[in-house]
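Residues per chain, in single letters:
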Amino acid sequence: MGIEPTIRVQAEDFDVAAEARLLTQFDKTIGALVTFTGLCRDDGGALSALELEHYPGMAETEMRRIATLAIERFDLLGLTAIHRYGKIATGENIVLVIAASQHRQAAFDGANFVMDYLKTSAPFWKKEHGKDGTSGEWISAKDADETAKDKWR
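Residues numbered from 1 in each chain as written. Predicted model: local features only at pLDDT ≥ 70, side-chain atom pairs only at ≥ 80, totals over all residues. Heavy atoms only, no water.

The subject of this paragraph is the nonpolar core. Membership of the largest hydrophobic core comes to 33 residues, with the highest contact counts inside it found for Leu79, Phe113, Val114 and Leu118. The set of elements that each furnish at least two residues to this core consists of β1 (6-10), β2 (32-39), β3 (47-54), α2 (58-74), β4 (78-84), β6 (93-101) and α3 (104-121). Leaving out residues up to four positions away in the same chain, Val114 has contacts with Ile66, Ala67, Ala70, Leu79 and Val97. Membership of the second largest hydrophobic core comes to 8 residues, among which are Ala20, Leu23, Ile82 and Leu96. (Core = buried A, V, L, I, M, F, W, Y, C linked by side-chain atoms within 4.5 Å. Buried < 20%, exposed > 50% of the residue type's maximum accessible area, 1.4 Å probe, protein only. Helix = DSSP H or I, 4+ residues; strand = E, 2+ residues; numbered from the N terminus. Contact = heavy atoms within 4.5 Å.)

Take unusual backbone geometry next. Here Asp75, not a glycine, exhibits a phi torsion of approximately 55 degrees, which is positive. Following the sequence through the fold, Asp75 ends up in the loop between α2 and β4.

The subject of this paragraph is the pattern of salt bridges. Scanning the entire structure with this criterion turns up 9 salt bridges. A salt bridge links Glu19 to Arg8, with the shortest nitrogen-to-oxygen separation between them at 2.6 Å. One end of the pair, Glu19, is in helix α1 (residues 16-24); the other, Arg8, is in strand β1, with 11 residues separating them in the sequence. Residue Glu19 is classed as buried on the basis of its relative accessible area of 9%. On the accessibility criterion, Arg8 (28% relative accessible area) is partly exposed. Among the salt bridges present, the one from Glu146 reaches Lys149, with a minimum N-O distance of 3.8 Å. Of the two residues, Glu146 and Lys149 are both situated in helix α4 (residues 143-150); the distance of 3 residues between them amounts to about one turn of the helix. (Salt bridge = Lys/Arg side-chain N within 4 Å of Asp/Glu carboxyl O.)

This part is about the sheet that holds β1. One open sheet accounts for 4 strands, arranged β1-β4-β6-β2; its pairing is mixed. This sheet does not close on itself; its edge strands, each paired only once, are β1 and β2. Within the sheet, the average angular offset between the axes of one strand and its neighbour, ignoring direction, is 5 degrees. Examined bridge by bridge, β4 and β6 share 6 bridges and lie antiparallel to one another. Within β6, the position partnered with Ile82 by the bridge is Leu96. Most of the contacts of α1 go to β6, to which it runs at about 25 degrees, and overall it touches β1, β2, β4 and β6. Strands in contact with α2 are β1 and β4; relative to β1, the strand with the most contacts, it is inclined by about 150 degrees. (Pairing = 2+ DSSP bridges. Axes fitted to C-alpha atoms, helices over the stretch in contact; angles between N-to-C directions.)

Structural measurements only, silent on function.
Shown next as structure tokens:
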């Protein structure tokens, strides 16, 4: 049996250091750990929050599929992927990907692969909420996200 990724979709925030410890505590063959934390950012100074929704069950299934592909393709020793949903204020965590491997390049590539696929293939949607009380339309994946994913084919 292969490595099982840790996959969660949750409203609550996550603790990056605690998740890294959980992933590495029993495997002393891990020589590289790459963590990526995606934050809610305010590009133009007008955003107060992002509202993130997902397709329950399908989101977790797709995240597991992507994570399993990354584990197999990059010979990872462990992988954690956590994605939040709900209303997330600027500066707060949205997504966490941790890739563990024997060597750094595999961990970097694995984390990048997972993020490129999560942004385009997992059923998550986001809507911007402005500081002025307005809310925008639901946002689709950008062309740049699709281009980033294409490099892995």
